[in-house]
Amino acid sequence: MMLLRLAKVSDGKSDHCDSEEMEMGFNVLSGGEVVKSKRFIVRPRIKVWMARAITTVIIWTSVVQLIAIGEFWGPRLLKGVPYCFNHQDESSVVVKASVPAKVALPPKRIYKNNGYLMVSCNGGLNQMRAAICDMVAIARHLNVTLIVPELDKSSFWADPSEFQDIFDIHNFIASLRDEVRILKQLPPRLKRRVELGLSYSMPPISWSDISYYEKQILPLIRKHKVVHLNRTDARLANNGLPLEIQKLRCRVNFNALRFTSQIEQLGKKIVNILRKKGPFLVLHLRYEMDMLAFSGCTHGCDSNEIEELTTMRYAYPWWKEKVINSELKRKDGLCPLTPEETTLILKALDIDHNIQIYIAAGEIFGGERRMASLRATYPNLVRKETLLEPSDLMYFQNHSSQMAALDYLVSLESDIFVPTYDGNMAKVVEGHRRFLGFRRTIQLDRKHLVPLIDLYTNMSLSWDDFSFKVKKSHAKRMGNPKRRVVIPNRPKEEDYFYANPYECLPLQDEPLSSI
């Protein structure tokens, strides 16, 4: 009772506080005096702390709700506000990074793994691109795990780029997971075996049917667990393969092998710059020093240039052909057209003189001297180096494959694509443009054009006749739908799969043509 009276003694507090203290007194009585004294002092402090915490939570919840309401109604309410009150300086605006929509990944393919396939590609960008497509198809057919391909770093271009420097490696692995298991590197135990030289390495036979890989390569993989295939260009046949393999080659080429975001964005920037000024033609002018030295084509070169090209050809042991008759090779249509010859052909085809011509090539051999006639006829000649700031290309310098990737993207989007030589880029871009809707690609028939050019330059053929014959011979060489030409037992001479992957294109069901 004495404790009760003490608790009720008036000390200037409200009745509410007195009632709390009194309640505390009763709670403590059973615990003794000492405990009672401590509880009597601490309990109000805890209540205050809890009140503050609850208040803070309520305030923050209100703030969040107000922000959400502001983001929804703010733009509507500000519609009527004068510009001077609504405008923000561009430098002060934080642009929200666009978050790409999540793409549903295909389900993983479940299969018994027969081993691991390592791949080393050789050549330039498009040579390696086609090889990667082939190797994915082979790995899928053999039920083996593919290790992300190694790119060529020892060729003429000496590009140190890794796979992930050029291609979106995540997209490559994830988009194909319903077809083949792809790893960035071997599991540790097998990696150590490879480092100790215990794996099996070999170049596969060119233009092989899939049965070659079933009978020759698969047993090696089962035996050694890891097989390393090197020099993988053109190792799978153009024709006679199961439809699912042909379609997978297309899927890899057109969907899985996406360039990195940096390359894609810069490629789009070049295209946008060109589009603002109107239509444009991409000219793949394959008249660079390495191409001329390799092919032995010296038409239009002076004696010093011929000597320089010959010296270069002998300097590379893997360029096996040394003694070359340039004029004979030119008449057989095996040489790239010169810039002067290209000018004549574009004029004969009535290409608008004011069209923008984007040069998709490296440094032209002979420089401005050899480009003079082309520039005089088509003054709107541009290159990525003239359209972009040096800072844009800073990280791409000395990386020829990455620079070629930019040209590849611009070539795909051009109104007209004209290659002067049917190398790997010309073929792969041609096939990709077919896939995108048979975009206009002028496939120059050099074997037919060279005699016409010589007749015209010797004044044995009038301009009108020359132009008529050029147009007539190329009327059906504009990237139109057609079947590949099949030449049994001569795969190098038949139409290349990646130039015309008809199995993946909307064509009528008709038999393959052959000669």
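Residues numbered from 1 in each chain as written. Predicted model: local features only at pLDDT ≥ 70, side-chain atom pairs only at ≥ 80, totals over all residues. Heavy atoms only, no water.

### Some points on the pairing of strand β1 (residues 116–120)
Working step 1: β1 sits mainly inside the fold: four of its five residues count as buried.
Working step 2: Bridge count between β1 and strand β2 (residues 145–147): two bridges; the pairing is parallel. Counterpart to Tyr 116 in the pairing with β2 is Thr 145.
Working step 3: For the handedness criterion, the β-α-β arrangement of β1, helix α5 (residues 125–142) and β2 is classed as right-handed. (Buried < 20%, exposed > 50% of the residue type's maximum accessible area, 1.4 Å probe, protein only. Helix = DSSP H or I, 4+ residues; strand = E, 2+ residues; numbered from the N terminus. Pairing = 2+ DSSP bridges. Right-handed = clockwise from strand over helix to strand, strands pointing away.)

### A word on the sheet that holds strand β5 (residues 226–230)
Working step 1: Taken in spatial order, the five strands of this open sheet run β3-β2-β1-β5-β4, and their pairing is parallel. With one partner strand each, in any of the chains shown, β3 (182–183) and β4 (200–202) form the two edges of the open sheet.
Working step 2: As paired strands, β4 and β5 are joined by three bridges and run parallel to one another. Opposite Met 202, over in β5, you have Leu 229 as the bridge partner.
Working step 3: Against the sheet, α5 makes contact with β1, β2 and β5, and its axis sits at roughly 170° relative to β1, the strand it touches most.
Working step 4: Those strands touched by helix α9 (residues 210–224) are β1, β4 and β5, and its axis lies near 130° from that of β5. (Contact = heavy atoms within 4.5 Å. Axes fitted to C-alpha atoms, helices over the stretch in contact; angles between N-to-C directions.)

### Quick notes on the packing of aromatic side chains
Working step 1: Applying the stated criterion to the full structure yields 15 aromatic pairs.
Working step 2: Plain terms: the ring middles of Tyr 212 and Tyr 213 are 5.0 Å apart, the flat faces sit at 80° to each other, and that makes the pair edge-to-face. Summarising the burial analysis for this pair, Tyr 212 and Tyr 213 share the class buried.
Working step 3: When the centroid spacing of 4.8 Å and the interplanar angle of 35° are considered together, the rings of Tyr 316 and Trp 319 count as tilted.
Working step 4: Under the relative-accessibility criterion, Trp 319 is labelled buried at 8%.
Working step 5: The ring of Phe 497 is capped by Arg 249, whose NZ or CZ atom sits 4.3 Å from the centre of that ring.
Working step 6: Over the ring of Trp 463 we find Lys 347; its NZ or CZ atom is 5.2 Å from the centre of that ring. (Phe/Tyr/Trp six-rings, centres within 6.5 Å; stacked < 30°, edge-to-face > 60°. Lys NZ or Arg CZ within 6 Å of the ring centre and 35° of its normal.)

### Focus on the pairing of β5
Working step 1: With respect to burial, β5 is a largely interior element, four of its five residues being buried.
Working step 2: Of the pairings in the sheet, the one linking β1 to β5 comprises five bridges and is parallel in character. Along β5, the bridge assignment pairs Met 118 with His 228.
Working step 3: What joins β4 to β5 is α9, and the crossover it makes is right-handed.

### Topic: the sheet that holds strand β9 (residues 416–419)
In sheet architecture, strand pairing relies on hydrogen bonds along the backbone and comes in two forms, parallel and antiparallel.
Working step 1: In spatial order, the strands read β8-β7-β6-β9; together these four strands make up an open sheet with parallel pairing. Strands with a single pairing partner mark the edges of an open sheet, and in this sheet they are β8 (381–382) and β9.
Working step 2: Direction of pairing for strand β6 (residues 280–284) relative to β9: parallel, over a ladder of four bridges. Its bridge partner being in β9, Leu 281 is matched across the sheet by Ile 416.
Working step 3: Packed on one face of the sheet, helix α11 (residues 261–276) meets β6, β7 (356–359) and β8 and runs near 160° to β7.

### Overview of the pattern of salt bridges
Working step 1: Going through the model one piece at a time under the given rule, you end up with 25 salt bridges.
Working step 2: With its nearest N and O atoms 3.7 Å apart, the salt bridge here joins Asp 290 to Arg 286. The same class applies to Asp 290 and to Arg 286, which are both buried.
Working step 3: A salt bridge links Arg 375 to Glu 368, with the shortest nitrogen-to-oxygen separation between them at 3.3 Å.
Working step 4: Looking at Arg 375, the relative accessible area reads 35%, which means it is partly exposed. (Salt bridge = Lys/Arg side-chain N within 4 Å of Asp/Glu carboxyl O.)

### Quick look at the side chain of Ser 401
Working step 1: Mapped onto the secondary structure, Ser 401 falls in helix α18 (residues 400–413).
Working step 2: Those residues in contact with Ser 401 that sit more than four places away from it in its chain are Leu 125, Met 128, Asp 159 and Ile 166.

### Here's the deal with the environment of Glu 150
Working step 1: If you trace the backbone, Glu 150 turns up in the loop between β2 and α6 (163–166).
Working step 2: Exposure remark for Glu 150: the relative accessible area of 43% places this residue in the partly exposed category.
Working step 3: Separated by 29 residues in sequence, Glu 150 and Cys 121 place their C-alpha atoms 6.1 Å apart.
Working step 4: Once residues within four sequence positions are removed from consideration, Glu 150 is found in contact with Val 119, Ser 120 and Cys 121.
Working step 5: There is a polar contact of 3.0 Å between the side chain of Glu 150 and the side chain of Ser 120. (Polar contact = N/O pair within 3.5 Å; in protein donor to acceptor, adjacent residues only side chain to side chain.)

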